[in-house]
Amino acid sequence: MNQPVQTKQRQTIFIGIGAKMTKCVCCAILAVVLHVEAAWTDDWPQWRGSRLDGRSAESNLPTSWSTTDNILWRLPLPGEAGSSPIVFGDRVFVTSPDGNDIFLICVSTSGNELWRRKFGEGNKTYREDEGNTASPSPCTDGQNVWALDGNGNLVCFSMTGEPIWNKNLQEAYGKYDIQFGMSSTPVLHDGKLFLQLIHGSMSDKATSEAWVVALDGATGIEVWKHQRKTPGTSENKHSYASPTIYFDGDKSCLLVHGADYITAHSLTDGSELWRCGGLNSTEHYNPYLRFVASPACGPGLIVVPSAKNGPVLGLKPGFRGDITENRESHQWRMETQTPDVPSPVIDDGLVYLCRENGVLICVDAKSGEKIYEERTDSERHRASPVVAGGHIYLTSRRGVVTVVKTGRTFEVVATNELGEPISASPAIANGRIYLRSFDALYCIGPASSGSSTTR
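To keep things clear, this report deals only with the structure shown in the data block. Computed from a prediction, not measured in an experiment: that's the story for all the values here.

## Topic: the overall build of the protein chain
Okay, step 1: Looking only at helices and strands, the protein chain has 2 helices and 37 strands in total.
Okay, step 2: For the protein chain, with 455 residues in total, the buried portion stands at 58%.
Okay, step 3: At a minimum sequence separation of 6, the contacts of the protein chain that also span at least 24 residues come to 56%.

Written out as structure tokens, the structure is:
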């Protein structure tokens, strides 16, 4: 089964035993077939990394830095945004506003800007200085790079900046009606871009404007679309979460999160496989329980956040229909303490939930038992945590990255301050950490990787 963005490479080695190989079947027994699973890719080709789970196999990463220590380079950006950087090979991509215009910027891993291309205009800022039209993150397969803005401008460029195609999603699927802007990031898988467009009139309960869409990455041509209907009303019609993909050896599906439900869809035709509610009380319905955090996936488990101190679900994949009341499909349930904005991450049998207030909750992935609940930086957390090298990296809004040791015991390894606001999630690739602040793009690495450069 294909995994997102070629996350693993499989190498087959044939070793012949005996002096001479013949066509005899018996001699085939003498051939030993070794399937060697190479390490995860060193790239970070989309928002949650090569496996869409917020984890990296990198181990030689710095855990401490300052404005001078372990900063390999700092490149100023033309505008502030929450879109995360992505990395493939020797190139880093990030979207950024510049005044009223939206650009995709390509930077070398040595910190030099290679090109920038305007692909949208009409930048708008929501909620003071946080979300804006440059909130969605780009993605790449190493041949092309795709970028989306909050006005629905979706573009494809070559790695050297040549335009390949563009498409406006509002023209194709209807005008957006969403309070704080369309910030959902596309997910790239098997040559297709998958998008969730969950929005709609807060005053008209009868409308259903939401769509789930798959586009051919090479051409932008629609592969399928599926109208996503739920009974969600008011602000809950709006979702700021991004889709993700569950995959294991047997099952795969697109996960779409918003409007009171998580739904699973066929990657082939978009048809709904299952849905689960129970995230917003029907007895005491909260009309403002919009979803921002995205689901997280691990082996045999889908962790589903909600919002505003609501529940967290641990679901088993593979069921069909409405599983809201199907207890067999629920591995566990936490009634409160969901992360409101940062997405969960699953690692080595543990689930990490970073609440917006900086409280880190560690949960046993199998039982749902809470292992610890500890505070890191008390400032708001808008970025999603990432895991690498036995550490969790948690980024606060004021630019403090708290590094916590993974495992069942809470231990802060380092607290790092850059002094610049950050709402974008980190990217990890090739022994380096890339942080996008409101002011600049940072490359953080061991001092032996190169000298510090500030521009």
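## Structural notes on the pattern of salt bridges
Okay, step 1: For the coordinates displayed, the defined rule picks out 20 salt bridges.
Okay, step 2: Where R91 meets D90, a salt bridge forms, and the shortest distance between an N and an O atom there is 3.8 Å.
Okay, step 3: Between E113 and R116 there is a salt bridge, with the nearest N and O atoms lying 2.8 Å from each other.
Okay, step 4: Classification of E113 by relative accessible area gives partly exposed; the value is 34%.
Okay, step 5: Assessed through its relative accessible area of 30%, R116 is described here as partly exposed.
Okay, step 6: A single network of salt bridges, built from pairs that share partners, joins R51, D53, R55 and D347.

## A closer look at the packing of aromatic side chains
Okay, step 1: Considering all chains together, one arrives at 7 aromatic pairs under this definition.
Okay, step 2: Each ring, one from W65 and one from Y393, has its centre 6.4 Å from the other, and the planes form 15°; the classification is stacked. Remark: Y393 occurs in strand 31 (residues 391–395) and W65 occurs in the loop between strand 3 (55–56) and strand 4 (71–76); sequence separation between them is 328 residues. We note that W65, like Y393, is buried.
Okay, step 3: Between W115 and F157 the ring centres are 6.0 Å apart and the planes differ by 55°, which places this aromatic pair in the tilted class. Pair noted here: W115 is in strand 8 (residues 113–121) and F157 is in strand 11 (residues 153–158), with a separation of 42 residues, a long-range link. By the burial criterion, W115 is buried, and F157 matches it.
Okay, step 4: Through a chain of ring-to-ring contacts, the aromatic side chains of F93, W115 and F157 assemble into a single cluster.
Okay, step 5: Just above the ring of W47 sits the side chain of R48; from NZ or CZ to the centre is 5.4 Å.
Okay, step 6: Above the plane of the ring of F103 lies R116, whose end atom (NZ or CZ) is 5.9 Å from the centre.

## Some details on the nonpolar core
Okay, step 1: W65, W73, Y393, I433, Y434 and L435 are the most contacted members of the largest nonpolar core, which totals 33 residues.
Okay, step 2: Among the secondary structure elements, those contributing two or more residues to this core are strand 4, strand 6 (91–98), strand 7 (101–108), strand 30 (386–388), strand 32 (400–405), strand 34 (427–429), strand 35 (432–436) and strand 36 (440–444).
Okay, step 3: If you look at the next biggest cluster of nonpolar residues, it comprises 21 residues, including Y173, L197, V213 and Y240.

## Things to note about the environment of T185
Okay, step 1: Inspection of the secondary structure assignment puts T185 in the loop between helix 2 (169–173) and strand 13 (187–189).
Okay, step 2: Of note is the side chain of T185, whose polar atom sits 2.9 Å from the backbone nitrogen of S137.

## Notes on the environment of H391
Okay, step 1: Inspection of the secondary structure puts H391 in strand 31.
Okay, step 2: Placed 14 residues apart in sequence, H391 and K405 show a C-alpha to C-alpha distance of 4.5 Å.
Okay, step 3: If we ignore the near neighbours within four places in the chain, the residues touching H391 are T63, V386, V403, V404, K405, T406 and V413.

## A closer look at unusual backbone geometry
For residues besides glycine, phi is generally negative; the peptide bonds are generally trans as well.
Okay, step 1: Here D190, not a glycine, exhibits a phi torsion of approximately 55°, which is positive.
Okay, step 2: With respect to the helices and strands, the residue D190 is situated in the loop between strand 13 and strand 14 (192–197).
Okay, step 3: Its relative accessible area of 43% is what places D190 among the partly exposed residues.
Okay, step 4: For K308, which is not a glycine, the phi torsion comes out positive at approximately 50°.
Okay, step 5: Tracing the sequence through the fold places K308 in the loop between strand 22 (301–304) and strand 23 (312–315).
Okay, step 6: Assessed through its relative accessible area of 42%, K308 is described here as partly exposed.

## Here we look at empty space enclosed by the protein
Okay, step 1: If you walk through the whole model with that rule in mind, you get 2 cavities of 30 Å³ or more.
Okay, step 2: Roughly 120 Å³ of internal volume is contained in the largest cavity.
Okay, step 3: Every residue lining the largest cavity is counted, 16 residues in all, and those nearest its centre are W47, R48, L52, P243 and T244.
Okay, step 4: Taken together, the residues that form the lining of the largest cavity break down as 8 nonpolar, 6 polar and 2 charged.

The rules we used
- Residues numbered from 1 in each chain as written.
- Predicted model: local features only at pLDDT ≥ 70, side-chain atom pairs only at ≥ 80, totals over all residues.
- Heavy atoms only, no water.
- Helix = DSSP H or I, 4+ residues; strand = E, 2+ residues; numbered from the N terminus.
- Buried < 20%, exposed > 50% of the residue type's maximum accessible area, 1.4 Å probe, protein only.
- Contact = heavy atoms within 4.5 Å.
- Salt bridge = Lys/Arg side-chain N within 4 Å of Asp/Glu carboxyl O.
- Phe/Tyr/Trp six-rings, centres within 6.5 Å; stacked < 30°, edge-to-face > 60°.
- Lys NZ or Arg CZ within 6 Å of the ring centre and 35° of its normal.
- Core = buried A, V, L, I, M, F, W, Y, C linked by side-chain atoms within 4.5 Å.
- Polar contact = N/O pair within 3.5 Å; in protein donor to acceptor, adjacent residues only side chain to side chain.
- 1 Å grid on protein atoms, 1.4 Å probe; cavity = no way out; pocket = protein on both sides within 12 Å on 5 of 7 lines; lining within 4 Å.
- Points joined across faces, edges and corners; volume = space filled by probe spheres on them.
- Nonpolar A, V, L, I, M, F, W, Y, C, P; charged D, E, K, R; others polar.

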